[in-house]
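Next come the chains, spelled out residue by residue.
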Amino acid sequence: MTAAPRFDLPEVDEFTRPYWDAAAEGALLLRYCAACGLTHHYPREFCPHCWAGEDRVTWRPATGRATLYTWSVVHRNDLPPFGARVPYVAAVVDLAEGPRMMTELVDCPDPAALRVGMPLEVTFREAAEGVTVPLFRPANPRA
């Protein structure tokens, strides 16, 4: 029997491998442009702000802090393996470094308590053997 296709796994290639390797170690990396000083996400080989080339754009560790921009509680999703996880919170967050990132919010038992601008922190989940993905959760108010 063939396993169902997975729609939640990234296509790891030579360029993005540092990002996924860092995630497996519990760190979030972003692309930083030395030409204009801006950070971007998703990873690209050039700067989408000033078009500087690969020689000016490098990986840089992120703080792991973000604020909630928007979200939706997903109650139905027929694509594997999302259906087994419903309900879940799909979200867009504003990273402390500037870029917006699509993600999933976890460790929020009451989605009604979510608020635009609430502080979040990165966490990680092993999505499949050898593939770890960054997610976000409400920040510890005591941190």
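The paragraphs below set out a description of the structure included in this document. (Residues numbered from 1 in each chain as written. Predicted model: local features only at pLDDT ≥ 70, side-chain atom pairs only at ≥ 80, totals over all residues. Heavy atoms only, no water.)

1. Focus on the pairing of strand 1 (residues 29-33)
At step 1: Within strand 1, five of the five residues are buried, leaving the element largely enclosed by the surrounding structure.
At step 2: Residues L29, R31 and C33 point to one face of strand 1 and L30 and Y32 to the other, with burial holding for every one of them.
At step 3: Relative to strand 2 (residues 39-40), strand 1 runs antiparallel, the two being bridged by two bridges. Counted as the bridge partner of R31 is H40 from strand 2.
At step 4: Connecting the antiparallel pair strand 1 and strand 2 is a turn made up of five residues, with G37 showing a positive phi of about 80 degrees. (Buried < 20%, exposed > 50% of the residue type's maximum accessible area, 1.4 Å probe, protein only. Helix = DSSP H or I, 4+ residues; strand = E, 2+ residues; numbered from the N terminus. Pairing = 2+ DSSP bridges.)

2. Considering the packing of aromatic side chains
At step 1: Scanning the entire structure with this criterion turns up five aromatic pairs.
At step 2: Residues Y19 and W20 carry aromatic rings whose centres are separated by 4.8 Å and whose planes lie at 90 degrees to one another, so their mutual orientation is edge-to-face.
At step 3: Residue class for W20 comes out buried when judged on its relative accessible area of 18%.
At step 4: Chaining the aromatic ring pairs together yields one cluster made of F15, Y19, W20 and W59.
At step 5: When the ring centre of Y42 is taken as origin, the NZ or CZ atom of R44, which lies over that ring, is 4.1 Å away.
At step 6: R60 extends its terminal NZ or CZ atom over the ring of Y32, reaching a point 3.5 Å from the ring centre. (Phe/Tyr/Trp six-rings, centres within 6.5 Å; stacked < 30°, edge-to-face > 60°. Lys NZ or Arg CZ within 6 Å of the ring centre and 35° of its normal.)

3. Re the pattern of salt bridges
At step 1: Evaluated as defined, the whole model comprises seven salt bridges.
At step 2: For D8, the salt bridge is made with R85, and the minimal N-O distance between the two is 3.5 Å. Linking D8 in the segment before helix 1 (17-24) with R85 in the loop between strand 4 (65-74) and strand 5 (88-95), this pair joins segments that are 77 residues apart in sequence.
At step 3: A residue is classified by how much of its surface remains accessible, and R85, at 23% relative accessible area, is partly exposed. (Salt bridge = Lys/Arg side-chain N within 4 Å of Asp/Glu carboxyl O.)

4. A few points about helix 1
At step 1: Inspection of helix 1 places Y19, W20, A22 and A23 among the buried residues, and these make up the whole buried set. An end-on view of helix 1 places all buried positions within 160 degrees of arc, on one side of the element.
At step 2: The inward-facing, buried residues of helix 1 contact strand 1, strand 3 (57-61), strand 6 (100-105), strand 7 (119-128) and strand 8 (131-138).
At step 3: Phi turns positive, to about 85 degrees, at G26, one or two residues after helix 1. (Arc of directions from axis to C-beta. Contact = heavy atoms within 4.5 Å.)

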